[in-house]
Amino acid sequence: MTTRGVLYVHSAPRALCPHVEWAVAGVLGTRVNLDWIRQPAAPGTWRSEFSWQGEAGTASKLASALRGWHLLRFEVTAEPCPTAEGERYSCTPDLGIFHAVTGIHGDILIPEDRLRAALARSQQGETDLEAEIAKLLGKPWDDELEPFRYAGEGAPVRWLHQVV
């Protein structure tokens, strides 16, 4: 069963750009040429977006291929399909990787055991419940990536149209 998704490379040093393309090509099994534009949020870095289609689990493979590269910020999304929920991966050099399961409307679905563990940690005084829930929702990653999500001048614009 196939799904589709988007790879957002929010910032990469110029020297890393071809390596990102090679890693993505290795996962997808086809040549990949990304359109790179300057990233105004981090001078000297570049950004790109790439829509992909592949088997369920491709988002995980893409995130694994790119994780841990110094100075690389990215997100990978996958839409739900009949055999798998959707996924979202976010990665920053400081925070590492975040993974969430997403529903058909893009909402993050938090498994019951993770909620129970967060509640238990807060009840034992190890942490604040609000902070635990924020981590489960990926808020620290969203906070760090938000300045990089804005494309800036010259970025391609993707228009979405509602079909009636």
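Residues numbered from 1 in each chain as written. Predicted model: local features only at pLDDT ≥ 70, side-chain atom pairs only at ≥ 80, totals over all residues. Heavy atoms only, no water.

### Let's talk about the nonpolar core
So, step 1. With 24 residues, the main nonpolar core has Val-20, Trp-36, Leu-72, Phe-74 and Val-76 as its most contacted residues.
So, step 2. Put simply, the parts of the chain that give this core at least two residues each are strand 1 (2-13), helix 1 (17-28), strand 3 (45-55), helix 2 (58-66), strand 4 (73-78) and strand 5 (86-92).
So, step 3. If one sorts the elements of this core by residue count, helix 1 sits on top with five residues.
So, step 4. In this structure Val-76 touches Val-6, Leu-7, Trp-52, Ala-59, Leu-62, Ala-63, Glu-87, Arg-88 and Tyr-89, once residues within four positions along its chain are discounted. (Core = buried A, V, L, I, M, F, W, Y, C linked by side-chain atoms within 4.5 Å. Buried < 20%, exposed > 50% of the residue type's maximum accessible area, 1.4 Å probe, protein only. Helix = DSSP H or I, 4+ residues; strand = E, 2+ residues; numbered from the N terminus. Contact = heavy atoms within 4.5 Å.)

### Some details on the pairing of strand 4
So, step 1. Within strand 4, five of the six residues are buried, which leaves it mostly tucked inside the rest of the structure.
So, step 2. Note: strand 1 against strand 4, six bridges, orientation antiparallel. For Leu-7, the partnering residue across the bridge sits in strand 4 and is Val-76.
So, step 3. Inspection of the sheet shows strand 4 paired to strand 5 by five bridges, in the antiparallel sense. Along strand 5, the bridge assignment pairs Glu-75 with Ser-90. (Pairing = 2+ DSSP bridges.)

### Considering the pairing of strand 6 (residues 96-102)
So, step 1. Where strand 5 lies against strand 6, seven bridges are found, and the strand directions are antiparallel. Its bridge partner lying in strand 6, Arg-88 is registered against Ala-100.
So, step 2. Between strand 5 and strand 6, which follow one another and run antiparallel, lie three residues.
So, step 3. Pairing geometry for strand 6 and strand 7 (residues 108-109), over two bridges, is antiparallel.

### Digging into helix 1
The α-helix winds at 3.6 residues per turn, so residues separated by three or four positions along the chain end up facing the same way.
So, step 1. Between its first and last C-alpha atoms helix 1 spans 17 Å; for twelve residues at 1.5 Å apiece the expected length is 16 Å, and the two agree.
So, step 2. On its buried face, helix 1 sits against strand 1, strand 3 and helix 2.
So, step 3. Positive phi appears at Gly-29, one or two residues downstream of helix 1, with a value of about 75°. (Expected span 1.5 Å × (residues − 1).)

### So, the sheet that holds strand 1
So, step 1. Taken in spatial order, the seven strands line up as 2-3-1-4-5-6-7 in an open sheet, and their pairing is antiparallel. In this open sheet, the two strands that pair with only one neighbour each are strand 2 (37-38) and strand 7.

### A short note on the pattern of salt bridges
So, step 1. This structure, assessed with the given rule, holds twelve salt bridges.
So, step 2. Taking the shortest distance from any N to any O, the salt bridge between Glu-49 and Arg-47 comes out at 3.9 Å.
So, step 3. Classification of Glu-49 by relative accessible area gives partly exposed; the value is 39%.
So, step 4. Glu-75 serves as the salt-bridge partner of Arg-149, at 2.9 Å between the closest nitrogen and oxygen. Here Glu-75 lies in strand 4 and Arg-149 lies in helix 5 (residues 139-149), a separation of 74 residues in the sequence.
So, step 5. Here Arg-149 falls in the partly exposed class, since its relative accessible area comes to 25%.
So, step 6. Looking at Glu-75, the relative accessible area reads 8%, which means it is buried. (Salt bridge = Lys/Arg side-chain N within 4 Å of Asp/Glu carboxyl O.)

### Here's the deal with unusual backbone geometry
So, step 1. Here the phi dihedral of Leu-71 falls at roughly 70°; this positive angle occurs in a residue that is not glycine.
So, step 2. In this fold, Leu-71 is placed in the loop between helix 2 and strand 4.
So, step 3. Residue Leu-71 is classed as partly exposed on the basis of its relative accessible area of 41%.

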